Amino acid sequence: MRDRIYVHVIWTTRDRQPTIDPRVAAFLARYLTAVARQERTGVHALGIVRTHVHLLLQLHPTTSISRLMQRLKGGSSVLANREGHAGTRPLRWAKGYDIESVSPRLLGAVRAYVLGQARHHPEEAIAGWDPTTPGWAPTTETAVEPRLIAAESGDSATCHSE
């Protein structure tokens, strides 16, 4: 039986600051899809604007949502800042996230909504970044394979992009 657990996840930058530029968006596209794959989660769509991120995910029944979100949000900000992807404006996320279940019948509509974030928020669109460009594919198969390292906090893990 095929797992059909779909969710739409959204989170914002701290204070809704427009800190996501094309370089950060490209890093996030690679990083988020690679971490999702490590957590047995498929990425069906990714929408990024300057102040927030949307993901349409397919979860494995054993996926820990809290661990997944800690790695997606916490890991991405740590690495974006540490490895210089964020430039002079540090990438910081607001506390929390919104997560909603998605019916398999509504996948097409939700996918279109997630991919259409630049149209929904034209004032927050990232010039020069398109989620359909080469280098990001809306599947669980991506070219990026981050290295897992032990986090300072104990049993959780973070990823380093190559």
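None of these values were measured; they are calculated from a predicted model. (Residues numbered from 1 in each chain as written. Predicted model: local features only at pLDDT ≥ 70, side-chain atom pairs only at ≥ 80, totals over all residues. Heavy atoms only, no water.)

Chemist: Mind showing me how you'd approach the nonpolar core here?
Modeler: Nonpolar side chains tend toward joint burial in soluble globular proteins. Counting residues in each nonpolar core, the largest one holds 30 residues, and the members touching the most others are W11, I20, L28, I48 and V53. Those elements that provide at least two residues to this core are β1 (5-12), α1 (22-38), β2 (42-49), β3 (52-59) and α2 (65-82). With nine residues, the top contributor of residues to this core is α1. V53 has contacts with V9, I10, W11, I20, L28, L32, L46, G47, I48 and W93, leaving out every residue within four places of it along the chain. Of all hydrophobic cores here, the second largest spans seven residues; its members include L56, V102, L107 and V110. (Core = buried A, V, L, I, M, F, W, Y, C linked by side-chain atoms within 4.5 Å. Buried < 20%, exposed > 50% of the residue type's maximum accessible area, 1.4 Å probe, protein only. Helix = DSSP H or I, 4+ residues; strand = E, 2+ residues; numbered from the N terminus. Contact = heavy atoms within 4.5 Å.)

Chemist: Sorry if this is basic, but what is going on with the pattern of salt bridges here?
Modeler: Pairing between side chains of opposite charge can happen when the charged atoms of each approach one another. Inspection of every chain in the model, using the stated rule, returns two salt bridges. With a shortest N-O distance of 2.8 Å, E39 and R67 are connected by a salt bridge. Taken as a pair, E39 in the loop between α1 and β2 and R67 in helix α2 lie far apart in primary sequence, 28 residues in all. Here E39 falls in the buried class, since its relative accessible area comes to 9%. The structure contains a network of salt bridges with shared partners spanning E39, R67 and R71. (Salt bridge = Lys/Arg side-chain N within 4 Å of Asp/Glu carboxyl O.)

Chemist: Would you mind showing me how to read the pairing of β3 here?
Modeler: Strand residues, when the strand is regular, have side chains that alternate between the two faces of the sheet. A large share of β3 lies buried, amounting to eight of its eight residues. The side-chain alternation of β3 yields two buried faces, one formed by H52, H54, L56 and Q58 and the other by V53, L55, L57 and L59. Here β1 pairs with β3 via eight bridges, running antiparallel. Each residue of the ladder has a partner; that of V7, found in β3, is L57. One ladder, built from seven bridges, connects β2 with β3; its direction is antiparallel. Across the sheet, I48 pairs through a bridge with V53, a residue of β3. Hairpin remark: β2 followed by β3, antiparallel, with two residues in the connecting loop. (Pairing = 2+ DSSP bridges.)

Chemist: Help me understand the environment of L56, please; the structure alone is not making it clear to me.
Modeler: Looking at the element boundaries, L56 is found in strand β3. Each C-alpha atom, one on L56 and one on V114, is 7.1 Å from the other, the two residues being 58 residues apart in sequence. Once residues within four sequence positions are removed from consideration, L56 is found in contact with V7, G42, V43, H44, A45, V102, L107, V110, R111 and V114.

Chemist: I'm lost on the sheet that holds β2 in this one. Help?
Modeler: Remark on secondary structure: sheet strands pair via backbone hydrogen bonds, oriented parallel or antiparallel. Ordered by their spatial adjacency, four strands build an open sheet running β2-β3-β1-β4, and the pairing between neighbours is antiparallel. Each of the sheet's edge strands pairs with one partner strand only, and the pair in question is β2 and β4 (98-102). Here the average twist between neighbouring strands, direction ignored, is 15 degrees. Sitting on the sheet, helix α3 (residues 107-115) touches β1, β2, β3 and β4, and the angle it makes with β2 is about 35 degrees. (Axes fitted to C-alpha atoms, helices over the stretch in contact; angles between N-to-C directions.)

Chemist: Explain unusual backbone geometry here, please?
Modeler: A negative phi holds for most residues other than glycine; trans holds for most peptide bonds. The backbone of R16 sits at a positive phi, close to 55 degrees, despite the residue not being glycine. Within the element layout of this structure, R16 appears in the loop between β1 and α1. Here R40, not a glycine, exhibits a phi torsion of approximately 60 degrees, which is positive. Tracing the chain through its elements places R40 in the loop between α1 and β2.

Chemist: Honestly, the environment of R71 in this entry has me stumped. Any pointers?
Modeler: As for its position among the elements, R71 is in helix α2. Residue R71 is classed as buried on the basis of its relative accessible area of 1%. Residues R71 and A36, 35 residues apart in the sequence, show an inter-C-alpha distance of 8.8 Å.

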